[in-house]
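# An overview of the molecular structure
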Amino acid sequence: MDTGTHVVMGVALGGIATLDPVVQSDPALFNAVLIGTLVGSQAPDCDTVLKLKDNATYIRHHRGITHSVPAVLLWGLSIPSLIYLFTPEVSFLHLWLWTFLAVILHVFVDIFNAYGTQAYRPFTKRWVAYGFINTFDPYIFILHLAGIVAWNLGADPGLMWLLIYFVIAVYYVKRYFDKREMVRLIKENFDEVEQIATSPTMQQNIWRIAITTPTNYYVGRAENGHITILDEFINKPIDYEDPVVQKALTDHNIKAFLSFSPVYRYEITYFDEYTEVRFIDLRYRSKGRYPFVALAQIDDEHGDDDLKILNSYTGWVFTEEKLQDKVSPIPQSKG
């Protein structure tokens, strides 16, 4: 989920903690727990700082090791231990319990959006992305804001937040069945479906979909139970025998993209001064474009034995002009 949603979830857990008689009876412990749930609800996203290095590092590691099983255990122990240094008079057991729950909840809710996490590391490095809750879901966020307002107006925090989270749990179940019905329709209408990537939008009735079959990729949208295909591409396997492609695959930006994207196509464009290999994620079609890409420009003027990567990039770009700003100006293609 987005940062704002994780913050309000931390507040909500602090409110639910008042159901714990030990927390309710000790103001100092309640304050420590509230700090713990707020920090715990943010801690796994500390890897956001990797943006300061480069996009490739961020894409490859965000929601990776910091969301893994060992990291969850580490956060769950280190955060309350640090708070306890400043409040040694409170119950460490209860402080640990609620802080640990905040960390677990952070990772748990992240697995339901299209971006996903590597929550099952070290058992597997595969990205877990169930794709039926938007990264920012306005309904979930508004329910939390309403709860915070009601708490400030005097509502009982424990019972109120339990009720809100019951509603949210029902909402998750509804979204799960929405996706399951959509997947059923896709499998009824397409042959030999290998993979279906779903990306919910902020509108309840509209989903982005990317379908993989042995021969084609289909990109479209589902709206009110009706599936519309917007683009169709040939499912062309990567040509690992092509020296230019081989060179591109050694680039750190390309590696980062491929480690993250489950459904993509690639294309090769020949220019006067170099050859460009571009990978395009098919999950995020927006206004007729695919903004999440990776590319490498290969100098092949001296033959296959002396290939050089001139420039490369991976990230989100919404116009070709902005992409050109990220790399060297792109000349006219040959022919």
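Parameters at a glance
- Residues numbered from 1 in each chain as written.
- Predicted model: local features only at pLDDT ≥ 70, side-chain atom pairs only at ≥ 80, totals over all residues.
- Heavy atoms only, no water.
- Axes fitted to C-alpha atoms, helices over the stretch in contact; angles between N-to-C directions.
- Helix = DSSP H or I, 4+ residues; strand = E, 2+ residues; numbered from the N terminus.
- Parallel < 35°, antiparallel > 145°, perpendicular 65-115°, else oblique.
- Left-handed = near helix turned anticlockwise from the far one by under 90°.
- Contact = heavy atoms within 4.5 Å.
- Nonpolar A, V, L, I, M, F, W, Y, C, P; charged D, E, K, R; others polar.
- Domains from an automatic or database assignment.
- Buried area = accessible area lost by both parts, 1.4 Å probe.
- Salt bridge = Lys/Arg side-chain N within 4 Å of Asp/Glu carboxyl O.
- Polar contact = N/O pair within 3.5 Å; in protein donor to acceptor, adjacent residues only side chain to side chain.

### Details of the packing of helix α1 (residues 3–16) against helix α8 (residues 157–189)
Taken N-terminus to C-terminus, the directions of α1 and α8 make an angle of 130 degrees; their axes are 7 Å apart at the nearest point. By the angle between their axes, α1 is oblique relative to α8. Considering only the axes of α1 and α8, their crossing is left-handed. Seen from α1, the contacting residues are M9, A12, G15 and I16; seen from α8, they are P157, G158, W161, L162 and Y165. By residue class, the composition of the contact of α1 with α8 is seven nonpolar, two polar and no charged.

### Some words on the domain arrangement of the protein chain
Here the protein chain is described as being made up of domain 1 (3–166), domain 2 (175–234) and domain 3 (243–327). Look at where the C-alpha atoms of domain 1 and domain 3 centre, and you get two points 36 Å apart. Contacts between the two partners involve seven residues from domain 1, matched on the other side by twelve residues from domain 3. Of the roughly 860 Å² buried at the junction of domain 1 and domain 3 (both faces included), carbon and sulfur atoms supply 63%. Applying the counting rule to domain 1 against domain 3 returns zero salt bridges. The interface formed by domain 1 and domain 3 holds four residue pairs in polar contact (both at pLDDT 80 or more) in total. Here the residues of the side of domain 1 that touches domain 3 sort into five nonpolar, one polar and one charged.

### Topic: the side chain of T66
Inspection of the secondary structure assignment puts T66 in the loop between α4 (55–61) and α5 (69–86). Polar side-chain contacts of T66 include one of 3.1 Å to the side chain of H67. Excluding residues that lie within four positions of it along the chain, T66 makes contacts with P44, C46, D47, A71 and W75.

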